[in-house]
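Notes for the structure review
One-letter residues, chain by chain:
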Amino acid sequence: MLVIEGIHAFYGRIEALKGVSLEVKQGEIVTLIGANGAGKSTLLMTICGQPRGQGGRIVLEGIDITNMSTHQIMRRGIAQSPEGRRVFPRMTVYENLQMGAINVDPGHFEGDLKRCFELFPILERRRGQRAGTLSGGEQQMLAIARAMMARPRLLLLDEPSLGLAPLIVRQIFSVIKELNQQGVTVLLVEQNAFHALKLAHRAYVLVNGQITMTGTGRQLLADPEVRRAYLEGGH
Amino acid sequence: MTGLLAGLDGNRLLRHVLGAVLITFLMTSLIVGLELVATQTGLSLRPRYHIVLYCVVVVALGSTAVFALAERSWRLPMLVGVVIAALLLVPLLTGNLASDLAFLLPFPVAPLNWLALLLPAFILIRAAQLAYASARPPAAAARRREMTRTGKLVSLGLGLLLILVAFAFPISPWGSRQLVDILTIVLIYIMLGWGLNIVVGLAGLLDLGYVAFYAVGAYSYALLSEYFGWSFWVCLPLAGLFAASFGIVLGFPVLRLRGDYLAIVTLGFGEIIRVVLINWYEFTGGPDGIGGIPRPSFFGLPFQANPPRDGGETFASFFGLSFDPYHRIAFLYYLILVLALFTNWFTIRIRKLPIGRAWEALREDEIACRALGLNPTNVKLAAFGIGAMFAGFAGSFFAARQGFISPESFVFIESAVILAIVVLGGLGSQLGIVFSAAILIGLPEFFRELEDYRMLAFGLVMVLIMIWKPTGLVSHRDPTIRLHPRGDGR
Ligand SMILES: Nc1ncnc2c1ncn2[C@@H]1O[C@H](COP(=O)(O)OP(=O)(O)OP(=O)(O)O)[C@@H](O)[C@H]1O
Ligand SMILES: [Mg+2]
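These numbers were taken from a predicted model, which means no experiment stands behind them.

1. Quick notes on the overall build of chain A
Secondary structure summary: chain A contains 10 helices and 10 strands in total. The C-alpha radius of gyration computed for chain A amounts to 17 Å, which stays within 12% of the reference 18 Å derived for 235 residues, consistent with globular compactness. Out of the 235 residues belonging to chain A, those deemed buried represent 56%. In chain A, the proportion of contacts linking residues at least 24 apart, taken out of those at least 6 apart, comes to 65%. Averaged over its 27 positive side-chain charges, chain A has a centre that lies 2 Å from the centre of its 21 negative ones.

Next up, the structure:
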């Protein structure tokens, strides 16, 4: 579904991605783990065309999107819940969800909204509240729900569990699993490596802008190096 | 004493006040402190340092209050407010405008000087608010939500009432020629304010050259009627179309810029249009302007005393009335009223449509918008073009009303005034714009002798807004509910 080949990305002169290759197949959950500053968020943003990928190719469902502008890419069945949530703080929950569906046939809106509210019942109770006044966990749910409203076939999630209580983390991961079972392909970036690897069909490890390891979620979970670098101290 | 300074950093307060005092002293010591008097031997300088002292004292008091208010402390401002009020009341009550203290009063006309009391009144009100907020138990804060809902109803009711009054006014006994004329001008600015609000208030694009599109609208009508003899009703939509296309053409290169850069470039474009109008003499008449612009007719019925030369009827003869110039004035008033209300209706509608939502979202977070598949340039262009279109409508109305236009009507200060109306009205608030236009345009028209003090009042209002709405010029719609009180740093 998504194939990335030898992509580089730059912030000015800083090279944040140094020839990354990665593949996400239809129906998979693929997890990307890595230390802070490894370039995980950059990779997700590069898929969306900002910063633009250089030197390689990004192919989405057989179409080369490397040089498309962000808004064109985002209309091809891809959606992102970005790092730091980025909900519209002064718009209500409902308006945020409307924004998510802005490029979708309005006929789908009511049904999609209902589905979002089924996944995140708390959002229904908060639908008239301004997003900026939601709790961190609620904002995270809203960010995911907003991405869902775009009816993506491929969903990019950047640290959806950041700063959330363990109970909510479990809830979010179960929602991701549910979405996946409904047919959405997921590329997941996580610090919470244990949960994320358990959930993943396959996973990649990103170090300093390069992929150093790949395998099924289970393989990586069992790998001593991964355990030492990303799992030690917890669980 | 410690109670007075509770919650304040004494050192910073002292530095703040000393700075203000020093600047005041430097500015006033030579200009105000020395008076030129003619004596028998010629001119001589007479020191009046007591007045400098007053200025310094007032500034010291004022800056203390402003500083303390910003720090959410209320006891000190309370005291300061009372002292300033007392200082002002002495010359006001004694009516002795010759006394030295009268120097504190800004206006040459006695009754208006009472306005000076607004300053201490403002300080006292704000201090009282803070005192109330600090005394109130936190639980009461939850009730704010209900209050804003009733607030919405109140503003809706107020709006409907205003519309009714506006329609009834010219035919009411109070509808004098002069008043209706003034209100027509106010309505032009309300319409411009509503138009600019789409750009600044909704889309968050700071446009300092809005008057350019007003000018395009005005010149479109003037030139089309001069060269082709087309009537107002044909030209009105065309003027809007021209202004909108100008907005899009100008917007295309500049809308990639953000914030301050956009402001500066739009400022430049506003001036370019004016300079072109001045210098393209053969086409626009240059600084001489264009005169003899035909007035709009009432569905083909002109407003004039004698029937038109080619036969036909006038407005008065058709309705069996005797000719009265008031008819035309009232007609123009209704025309701009309808145009303005259309602008308002359009804005309210479009806010609920996807494009309106997109404007608001873009104002909040451009990157998130991109991630949702919006093309920010197109969204901004739409705001720019639609905002310009309404300026174009207003411009062609302006040309039709004046019968004469020249580049002088479209100087930068007009843009500033329109922007001030929008900002003063509370960005995004439609009703607020009505009030601020009434204050900024209506009052000066009433008190023509005040013209020179207009900028003074302007400055004062701006300072007050900065204190009240410290979130900055292009601030966003306030959250309906606040978790933390203002200034809590959260
Ligand atoms: N806008 C930017 N401008 C300049 N450098 C940037 C920018 N964004 C990221 N970087 C740099 O690129 C590198 C990768 O950053 P990135 O945000 O992708 O890391 P990450 O893997 O998501 O880390 P984290 O786990 O902390 O979120 C870092 O060295 C960072 O400093
Ligand atoms: Mg990151």
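2. Concerning the site of ligand 1
All names here are of chain A. Near ligand 1 you find 13 residues, and of these Lys-40, Ser-41, Thr-42, Glu-83 and Gln-191 are the closest. The contact in question runs from an oxygen atom of ligand 1 to an N or O atom on the backbone of Gly-37, over 2.8 Å. In this structure, an oxygen atom belonging to ligand 1 sits 3.2 Å away from a main-chain N or O atom of Ala-38. Within the complex, the protein chains bury 62% of what would otherwise be the 640 Å² of accessible surface of ligand 1. Among the elements that make up the shell around ligand 1, the one with the highest residue count is helix α1 (residues 40-47) (3 residues). Of the residues contributing to the shell around ligand 1, the split by class is 4 nonpolar, 6 polar and 3 charged.

3. Notes on the coordination of the magnesium ion (ligand 2)
Residue and element names in this part refer to chain A. At the metal site, the magnesium ion (ligand 2) is ligated by Ser-41 (OG) and Glu-83 (OE), and these contacts range over 1.9 to 2.4 Å. Residue Ser-41 is found in helix α1, and its partner Glu-83 is found in the loop between β6 (78-81) and α3 (93-100); the two are separated by 42 residues along the sequence. Overall, the relative accessible area of 17% leaves Ser-41 in the buried class.

4. Overview of the sheet that holds β6(A)
Residues and elements named next belong to chain A. Spatially, 6 strands are ordered β6-β7-β8-β3-β9-β10 in an open sheet, and the strand pairing comes out mixed. The outermost strands of the open sheet, each flanked by one partner alone, are β6 and β10 (210-216). Ignoring which end each strand starts from, the neighbouring axes of this sheet average 15° apart. Helix-sheet contacts for helix α6 (residues 136-149) involve β6 and β7 (154-158), and the interaxial angle to β6 is about 170°. In the packing of helix α10 (residues 224-231) onto the sheet, the strands contacted are β3 (29-34), β9 (202-207) and β10, and the crossing angle to β9 comes to about 65°.

5. Observations regarding the pairing of strand β4 (residues 57-60) of chain A
All names here are of chain A. Inspection of the sheet shows strand β1 (residues 2-11) paired to β4 by 4 bridges, in the antiparallel sense. From the neighbouring strand, Glu-5 faces β4, where its bridge partner is Arg-57. The sheet contact formed by β4 and strand β5 (residues 63-64) spans 2 bridges and is antiparallel. Looking across to β5, one finds that Val-59 is bridged to Asp-64. Two successive antiparallel strands, β4 and β5, enclose a turn made up of 2 residues, where Glu-61 displays a positive phi of approximately 50°.

6. Looking at unusual backbone geometry
Residues and elements named next belong to chain A. The residue after Gln-50, namely Pro-51, is reached through a cis peptide bond having omega 5°. Following the sequence through the fold, Pro-51 ends up in the loop between α1 and β4. One non-glycine residue, Glu-61, lies in positive phi territory at about 50°. For Glu-61, the location among the structural elements is in the loop between β4 and β5.

7. A few points about the sheet that holds β5(A)
Residues and elements named next belong to chain A. Taken in spatial order, the 4 strands line up as β2-β1-β4-β5 in an open sheet, and their pairing is antiparallel. Looking along the sheet, the strands with just one partner apiece sit at the ends: β2 (14-24) and β5. Of the strands in this sheet, β1, β2 and β4 touch α1, which is tilted by about 110° from β1.

8. Regarding the interface of chain A and chain B
Listed as interface residues are 21 residues of chain A and, on the opposing side, 23 residues of chain B. Each partner contributes to the roughly 2,300 Å² buried at the junction of chain A and chain B, and carbon and sulfur atoms together form 59% of this total. On the chain A side of the interface with chain B, the three residues burying the most area are Arg86(A), Arg90(A) and Arg130(A), jointly 26% of the side's total. Counting every contact that joins chain A to chain B gives 2 salt bridges. Among the salt bridges present, the one from Asp365(B) reaches Arg86(A), with a minimum N-O distance of 2.9 Å.

Parameters at a glance
- Residues numbered from 1 in each chain as written.
- Chains lettered and ligands numbered in written order.
- Predicted model: local features only at pLDDT ≥ 70, side-chain atom pairs only at ≥ 80, totals over all residues.
- Heavy atoms only, no water.
- Helix = DSSP H or I, 4+ residues; strand = E, 2+ residues; numbered from the N terminus.
- Rg over C-alpha atoms; globule rule 2.2 N^0.38 Å.
- Buried < 20%, exposed > 50% of the residue type's maximum accessible area, 1.4 Å probe, protein only.
- Contact = heavy atoms within 4.5 Å.
- Lys, Arg positive; Asp, Glu negative; His and termini not counted.
- Charge placed at Lys NZ, Arg CZ, Asp CG, Glu CD.
- Near = heavy atom within 4 Å.
- Polar contact = N/O pair within 3.5 Å; in protein donor to acceptor, adjacent residues only side chain to side chain.
- Areas by Shrake-Rupley, 256 points an atom, 1.4 Å probe, with all protein chains shown as cover.
- Nonpolar A, V, L, I, M, F, W, Y, C, P; charged D, E, K, R; others polar.
- Donors = N, O, S within 2.8 Å, 3.2 Å for Na, K, Ca; no water.
- Pairing = 2+ DSSP bridges.
- Axes fitted to C-alpha atoms, helices over the stretch in contact; angles between N-to-C directions.
- Buried area = accessible area lost by both parts, 1.4 Å probe.
- Salt bridge = Lys/Arg side-chain N within 4 Å of Asp/Glu carboxyl O.

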